[in-house]
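# Observations on the three-dimensional arrangement
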Amino acid sequence: MQHQRNNTILLPGFVDLHVHFREPGFWQKETIATGSAAALRGGYIAVVTMPNLKPAPDCLPNLQQQLELIKQQAQLPVFPVGSITMGQLGKGELSRMEEMAPYVCGFSDDGVGVNDPALMKEAMQRARALGKPIIAHCEDLSFGDAHNPASEYKALERDLELAAQTGCHYHVCHVSAAQSVELIRQAKKDGLAVTAETAPHYLVLCDADVLLGDYNYHMNPPIRAAADRDALLAGLIDGTIDCIATDHAPHTAQDKLNGCPGLVGLETAFPVLYTKLVREGVLTLDQLVNAMAHNPRELLKRWTNRVFGGSVLWDVQTPYIIEPSEFATMGRATPFAGWEVYGKCLN
Ligand code: DOR
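This write-up is about the structure you can find in this document. (Residues numbered from 1 in each chain as written. Predicted model: local features only at pLDDT ≥ 70, side-chain atom pairs only at ≥ 80, totals over all residues. Heavy atoms only, no water.)

### A short note on the nonpolar core
Heads up, the condition is: To qualify as a nonpolar core, a set must consist of buried Ala, Val, Leu, Ile, Met, Phe, Trp, Tyr and Cys residues joined through side-chain atoms within 4.5 Å. Classification of residues uses two cut-offs on accessible area relative to the type maximum, computed with a 1.4 Å probe and protein chains only: under 20% is buried, over 50% is exposed, and between them is partly exposed. Helix and strand assignments come from DSSP, with helices taken as H or I runs of at least 4 residues and strands as E runs of at least 2, each series counted from the N terminus. Two residues qualify as a contact provided that any one of their heavy atoms is within 4.5 Å of a heavy atom in the partner residue.
Core analysis: the largest hydrophobic core is formed by 88 residues, its most contacted members being Ile134, Tyr170 and Phe270. With 7 residues, helix α10 (residues 269-278) is the single largest residue contributor to this core. Not counting residues up to four positions away in its chain, the partners in contact with Ile134 are Ile84, Phe107, Met120, Ala123, Met124, Ala127, Cys168, His169, Tyr170 and His171. Residues Val48, Ile135, Cys173 and Leu299 belong to the second largest nonpolar core, which totals 16 residues.

Given below as C-alpha cells:
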C-alpha cells in the first residue's frame with residue numbers, strides 16, 4: 001500500500017470529511033484559499049466543508065455563492081455539505097434539500113444538534129430519497145451540558161432509531177464518548193447504514209491533558225476521559241469508527257478569546273497521529289491510512305459519485321516542532337503547539 005525509500009514514504013492522499021472553511025460569511029477566520037492551502041500541506045487530496053456559513057447553504061442561490069468562491073479559490077477538490085434546516089438553526093423549517101442535492105455531499109447542521117425527532121425524521125426521509133447522507137452533530141443539551149457524554153450519546157441513540165425507521169445513511173460527526181462508540185457498534189451489527197468519524201484530538205488527548213481556560217483545548221464536543229479515548233481507539237481498530245476527520249475549525253484569536261469552540265487540524269493530523277499512535281504501536285500505519293484515506297475516499301465516492309486517487313510523499317524520519325505561526329491556515333488554536341513530531345508532507 002505504501003513504500004519506503006530513504007527517509008520518505010509514499011501514502012495515499014487523505015480525504016477529510018469534516019472541515020470548516022469560513023466563506024461565505026467569515027473570511028476573517030479562514031478563506032477557501034487558506035483552508036485549501038492548509039489541506040494540501042496536510043497531505044489531503046479532497047475535503048468536505050460544513051455548512052455553518054453566512055448565508056448558510058440552505059437553498060440553491062445561497063449554495064451557489066459558496067460554489068462560486070470554491071471555483072475561484074480552491075486549490076483542491078472542496079465538496080460542500082448543505083444545511084438540514086433553513087439558516088442552519090437546528091430547528092424550524094427544513095432546507096431546500098432537493099434543489100441542492102446534485103451539488104452537495106449530504107446534509108448537516110454541524111455546530112448544533114437537530115433535536116426535534118419529527119424534524120430529523122423528515123430530514124432523513126428526504127435525504128434517503130435523494131440518496132444523500134445525514135451527517136449528524138449529536139448534541140442535545142437537555143441531557144446535560146456538553147461535558148456530560150449523555151448530551152452526545154442520547155441524541156445519537158434517538159437518531160439511530162430514526163435511521164432504522166427511515167433507512168437513511170446516517171454519518172456521525174466527531175464521536176467523542178465511549179457510549180456513542182458502543183451504540184454505533186451495535187447499530188452496525190443490526191445492519192443500519194451508519195458510519196462514523198472521530199477527530200485526532202479525541203484519540204491522543206484526554207481530560208487530564210486539558211489546560212483549563214486555555215482556548216487551545218476548547219472545542220465542541222470536548223475532550224473526555226481516558227476511557228472515552230480508549231473506546232474511540234478500540235472502535236477505530238475494530239471498524240466501528242470508519243474515519244478520522246479533523247473538524248478543522250479556525251477562528252480569529254479574538255473570537256477564541258470570546259469563547260468560540262474549535263481547533264485547526266489539517267496541518268497537524270497526520271504528524272500527530274503517526275507520532276503518537278503509529279510510532280508508539282497503538283495503531284498500524286495501515287489502520288491509520290485506512291481511517292484517513294481509504295475509508296473517507298469510499299464515503300466520498302458514495303456521496304458524490306466521484307473517485308479520488310493520488311499519493312503524497314512524507315518524510316517520517318526527521319523530527320520537527322509544531323509551530324502554529326508557520327501554518328497555512330489563518331487559525332492558530334491547537335493543543336499540539338510545541339509537540340515534537342514525525343511526518344513532514346513533501347507536497
Ligand atoms: O468546536 C467546534 N467548532 N465544534 C463545532 O461543532 C463547530 C465548530 C466551528 O464551526 O467552529
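### Some details on the pairing of strand β2 (residues 8-12)
To keep things clear, this is the line we draw: Paired strands are those between which DSSP finds at least two bridges.
Taken across its 5 residues, β2 has 4 buried, putting it largely inside the fold. Note: β2 against strand β12 (residues 311-315), 5 bridges, orientation antiparallel. Each bridged residue has a counterpart across the sheet, and for Thr8 the counterpart in β12 is Asp315.

### Description of the site of the ligand
To keep it simple, the criterion reads: For this purpose, a residue is taken to be near a molecule or strand whenever a single non-hydrogen atom of the residue falls within 4 Å of it. Polar contact is the term for a pair of N or O atoms within 3.5 Å; when the atoms are in protein, one must be able to donate a hydrogen and the other to accept it, and sequence-neighboring residues count only if both atoms are side-chain atoms. Accessibility throughout is a Shrake-Rupley quantity obtained with a 1.4 Å probe, and a residue counts as covered only by protein chains that appear here. Three categories are distinguished: nonpolar for Ala, Val, Leu, Ile, Met, Phe, Trp, Tyr, Cys and Pro, charged for Asp, Glu, Lys and Arg, and polar for the others, with Gly belonging to the last.
Close contacts around the ligand come from 13 residues, with Arg22, Asn52, Asn220, His251 and Pro261 the closest. Residue His20 places a side-chain N or O atom 3.4 Å away from an oxygen atom belonging to the ligand. Interatomic distance of 3.4 Å between a side-chain N/O atom of His137 and an oxygen atom of the ligand. Isolated, the ligand exposes 290 Å² of accessible area, and the fraction of that covered by the protein chains is 94%. Tallied by class, the residues present in the shell around the ligand amount to 3 nonpolar, 8 polar and 2 charged.

### Some remarks on the pattern of salt bridges
Spelled out, the test is: For this analysis, a salt bridge means a side-chain nitrogen from Lys or Arg found within 4 Å of a carboxyl oxygen belonging to Asp or Glu.
Applying the stated rule across the entire model yields 14 salt bridges. Ionic pairing is found between Glu99 and Arg96, a salt bridge with its closest N-O pair at 3.1 Å. Take Glu99: its relative accessible area is 29%, and that puts it in the partly exposed class. The salt bridge partner of Glu182 is Arg185, with a shortest N-O separation of 2.7 Å. In this pair, Glu182 and Arg185 both sit in helix α6 (residues 178-189), 3 residues apart, roughly one turn of the helix.

### Quick notes on the packing of helix α1 (residues 32-41) against helix α2 (residues 60-73)
Put simply, the test is: All axes are obtained by fitting lines to C-alpha atoms, using only the stretch in contact for helices, and the reported angles, taken between N-to-C directions, cover 0 to 180 degrees. Roughly parallel covers angles under 35 degrees, roughly antiparallel covers those over 145, roughly perpendicular covers 65 to 115, and oblique covers all other angles. By definition, any crossing whose near helix is turned counterclockwise from its far helix by less than a right angle is left-handed, and any crossing with a clockwise turn is right-handed.
Running from N to C, α1 and α2 cross one another at 60°; their axes reach a closest spacing of 9 Å. Classified by the angle between their axes, α1 and α2 sit oblique to one another. Both α1 and α2 take part in a crossing whose hand is right-handed. The residues of α2 that touch α1, namely those facing Ile32, Ala33 and Ser36, are Gln66, Leu69, Ile70 and Gln73. Class assignment of the residues belonging to the contact of α1 with α2 gives a composition of 4 nonpolar, 3 polar and no charged.

### Focus on unusual backbone geometry
Residue Pro24 is bonded to the preceding Glu23 through a cis peptide linkage, with omega at 0°. Counting through the fold element by element, Pro24 comes out in the loop between β3 (14-19) and α1. Omega for the bond connecting Asn220 with Pro221 falls within 30 degrees of zero, at 0°, which places this linkage in the cis form. Within the secondary structure, Pro221 is located in the loop between α7 (200-204) and α8 (226-238). Within the chain, His174 stands out as a residue other than glycine whose phi angle is a positive 25°. Checked against the element boundaries, His174 lands in the loop between β9 (170-172) and α6.

### Observations regarding the sheet that holds strand β5 (residues 78-80)
Spatially, 3 strands are ordered β3-β4-β5 in an open sheet, and the strand pairing comes out parallel. In this open sheet, the two edge strands, each paired with only one partner strand, are β3 and β5. Looking at each pair of strands side by side, their axes are set apart by 20° on average, direction ignored. Relative to strand β4 (residues 44-49), β3 runs parallel, the two sharing 4 bridges. Bridging from a neighbouring strand, Asp16 pairs with Val47 of β4. Along the sheet face, α2 touches β4 and β5 and points at about 175° away from the line of β5.

### Quick look at the side chain of Glu30
Convention followed: Only four residue types enter the charge count: Lys and Arg as positive, Asp and Glu as negative, with His and the chain ends excluded.
With respect to the helices and strands, the residue Glu30 is situated in the loop between β3 and α1. Look at Glu30: it is buried, it has no salt bridge, and the nearest opposite charge is Arg332 at 7.2 Å. Among the polar contacts listed, one links the side chain of Glu30 to the side chain of His248, at a separation of 2.8 Å. Looking at Glu30, its side chain comes within polar contact range of the side chain of Thr329, at 2.8 Å.

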